[in-house]
Structures are given as structure tokens and as C-alpha cells.
Amino acid sequence: GQQLNQSPQSMFIQEGEDVSMNCTSSSIFNTWLWYKQEPGEGPVLLIALYKAGELTSNGRLTAQFGITRKDSFLNISASIPSDVGIYFCAGPSLGNTGKLIFGQGTTLQVKP
Amino acid sequence: EPEVTQTPSHQVTQMGQEVILRCVPISNHLYFYWYRQILGQKVEFLVSFYNNEISEKSEIFDDQFSVERPDGSNFTLKIRSTKLEDSAMYFCASSKGANTGELFFGEGSRLTVL
């Protein structure tokens, strides 16, 4: 079935550093999404990518939809303590029912 | 800003008891979902619901689970006879369409089965 694999599993960085995380799949996705989950909350959509090769920014966040449609990365520049959380990549499954498949998540901790 | 609301935020129940988790999706959304997240693990799809019927369900969503939209605003998840392994965070989500992936999640209901 469709699966998403994220790396790294966790990151512990210093405030001000840039961060990069990756998501890959063995199958093609036509949409790639990045969600963030803070402790005790539900996932919140950060960036949505709809076109292969697309590079999209949202403030300090930048994400790219890989040209093969099998991967995506998310970069965070100049990290701050409130960037702490779990970052999930996600993609809609086949079938047009709205179902999202999530990666395992990358846990980010930022040291002030 | 409109949001998805869920109740209760935390429920503790004995194994074998029935549990109903409630959600109020965003009012102009047409697609509704339940996901669950076991502590420290990824978010797993349970069920999607559109036009008053289930449009897709996962293998986790067995006969012990059911969903209902009893009125124009609520969307509920019922677990008929809870098991220890049902302990998890349950997230309700809604979306306007089915193919954008832009889901809005509630804050979750933590279910603890003893």
C-alpha cells in the first residue's frame, strides 16, 4: 500500500539553526502536505504542494514537491523555540475519499 | 476563525464499556474524518464520511466502531466494547473537498481504557 517514510525521526537543534527534513514514498503522490502537531493538539496544515517541482514558502518554512512525485522536503530557517513539535508529511490516498496517509513524523526540539 | 471542536478532551473507561466521542466539524465542510494516534506514533486513518455515509474505512475500523451524523452539526464516533488497545488520541477532522488534503483537525479526545 501507499506509505510515507520520514527522516530524520528526531532532531535536537540550537535556536537560530536551519532545519531540513525529508519524506519519501515508493509510490507517486499527486499532492504533498506538511502538517505540524504541537503537544496536546491536533495536526495543523503548514504547506500544501500540488504540482511536481513546486517550491512553496510560508514565512520561514519552505517545502518542495519532488519532480518524481515520490518525495518532498521541508526546510525551516532560523529556528525559534515555538518551532518545537512533530512535523508530519502526508498525502491523499487513491480513491478520492479525502483519506490522508501520514508519515511517522519528525520530532523537532529547539534549544534556546 | 472556524475550528473543529471535540468532546470530551479526556475519557477514562473500563474495558468492555461503550464510548462515544463527539465532534463538531467546521460548518461549511462536507467531508468528515476520524483519525487516531497511539502515544508516540503516527496519525492513523480510521474512517471518512461524506453525504451521510462512510466513504472509506481502514482495517482498524472494525465492527466495534461506528460513526454517525445525528443532526446537522455533530459527528460522533462510537466504540461499542472498548479494548485496552483502543487507548489513544482520537482526532476528528473535516474538509471542504476530498482531493486537496487540506484537513482541519480538532484538538483530540484522549481515550484511556483500563
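Located above this text is the structure these notes cover.
Since this is a predicted model, take the numbers as computed values, not measurements. (Residues numbered from 1 in each chain as written. Chains lettered and ligands numbered in written order. Predicted model: local features only at pLDDT ≥ 70, side-chain atom pairs only at ≥ 80, totals over all residues. Heavy atoms only, no water.)

### Some thoughts on the overall build of chain A
Working step 1: For chain A, the helix and strand inventory stands at zero helices and eleven strands.
Working step 2: When the helices and strands of chain A are placed in sequence order, the string is β-β-β-β-β-β-β-β-β-β-β.
Working step 3: Computed over its C-alpha atoms, the radius of gyration of chain A comes to 13 Å, within 12% of the 13 Å expected for a compact globule of 112 residues.
Working step 4: For chain A, buried positions account for 45% of its 112 residues.
Working step 5: Counting contacts in chain A only where the partners sit at least 6 residues apart, residues at least 24 apart contribute 53% of the total.
Working step 6: For chain A, the exposed surface amounts to about 5,200 Å²; the carbon and sulfur share of it is 51%.
Working step 7: Here chain A contributes 7 positive and 8 negative side-chain charges, whose respective centroids are spaced 11 Å apart. (Helix = DSSP H or I, 4+ residues; strand = E, 2+ residues; numbered from the N terminus. Rg over C-alpha atoms; globule rule 2.2 N^0.38 Å. Buried < 20%, exposed > 50% of the residue type's maximum accessible area, 1.4 Å probe, protein only. Contact = heavy atoms within 4.5 Å. Areas by Shrake-Rupley, 256 points an atom, 1.4 Å probe, with all protein chains shown as cover. Lys, Arg positive; Asp, Glu negative; His and termini not counted. Charge placed at Lys NZ, Arg CZ, Asp CG, Glu CD.)

### Focus on the pattern of salt bridges
Working step 1: This model, assessed by the stated rule, comprises four salt bridges over all chains.
Working step 2: A salt bridge links B:Glu56 to A:Lys99; the nearest nitrogen and oxygen atoms lie 3.7 Å apart. In this pair, B:Glu56 is assigned in strand E6 (residues 53–57) and A:Lys99 in the loop between strand E9 (85–92) and strand E10 (100–102), connecting two distinct chains.
Working step 3: Taking the relative accessible area as the measure of exposure, A:Lys99 reaches 19% and is therefore buried. (Salt bridge = Lys/Arg side-chain N within 4 Å of Asp/Glu carboxyl O.)

### Observations concerning the packing of aromatic side chains
By convention here, two paired aromatic rings are described through the distance between centres and the angle between planes.
Working step 1: Tallying each qualifying case throughout the model produces 16 aromatic pairs over all chains.
Working step 2: An aromatic cluster is built from A:Tyr35, A:Phe88, A:Phe102, B:Tyr33, B:Tyr35, B:Phe45, B:Phe91 and B:Phe105, whose rings are joined through pairwise contacts. (Phe/Tyr/Trp six-rings, centres within 6.5 Å; stacked < 30°, edge-to-face > 60°.)

### A few points about the environment of B:Asp86
Residue and element names in this part refer to chain B.
Working step 1: Mapped onto the elements of the fold, aspartate 86 is located in the loop between strand E8 (75–79) and strand E9 (88–95).
Working step 2: Residue classification places aspartate 86 among the buried residues on the basis of a relative accessible area of 3%.
Working step 3: Separated by 25 residues in sequence, aspartate 86 and leucine 111 place their C-alpha atoms 7.5 Å apart.
Working step 4: When sequence neighbours within four positions are dropped, the list of residues in contact with aspartate 86 reads Arg36, Phe65, Ile79, Ser81, Leu111 and Val113.

### Some thoughts on the state of the cysteines
Working step 1: A full pass over the atoms with the stated rule returns two disulfides over all chains.
Working step 2: Here A:Cys23 engages in a disulfide with A:Cys89; their sulfurs sit 1.9 Å apart. One disulfide, between A:Cys23 and A:Cys89, carries an S-S torsion of 55° and so falls in the right-handed class. Within this pair, whereas A:Cys23 is found in strand E3 (residues 19–24), its partner A:Cys89 is found in strand E9, the two being separated by 66 residues in sequence. Neither A:Cys23 nor A:Cys89 differs from the other in exposure class; each is buried.
Working step 3: Two residues share a disulfide in this structure: B:Cys23 and B:Cys92, whose sulfurs sit 1.9 Å from each other. Of note, the bridge from B:Cys23 to B:Cys92 carries an S-S torsion of about -65° and is left-handed in sense. (Disulfide = S-S within 2.5 Å.)

### Topic: the side chain of B:Thr76
Residues and elements named next belong to chain B.
Working step 1: Among the structural elements, threonine 76 can be located in strand E8.
Working step 2: Judged by its relative accessible area of 8%, threonine 76 is buried.
Working step 3: Every residue in contact with threonine 76, bar those within four places of it in the chain, is listed here: Ile20, Leu21, Arg22, Trp34, Ser66, Val67, Glu68 and Pro70.

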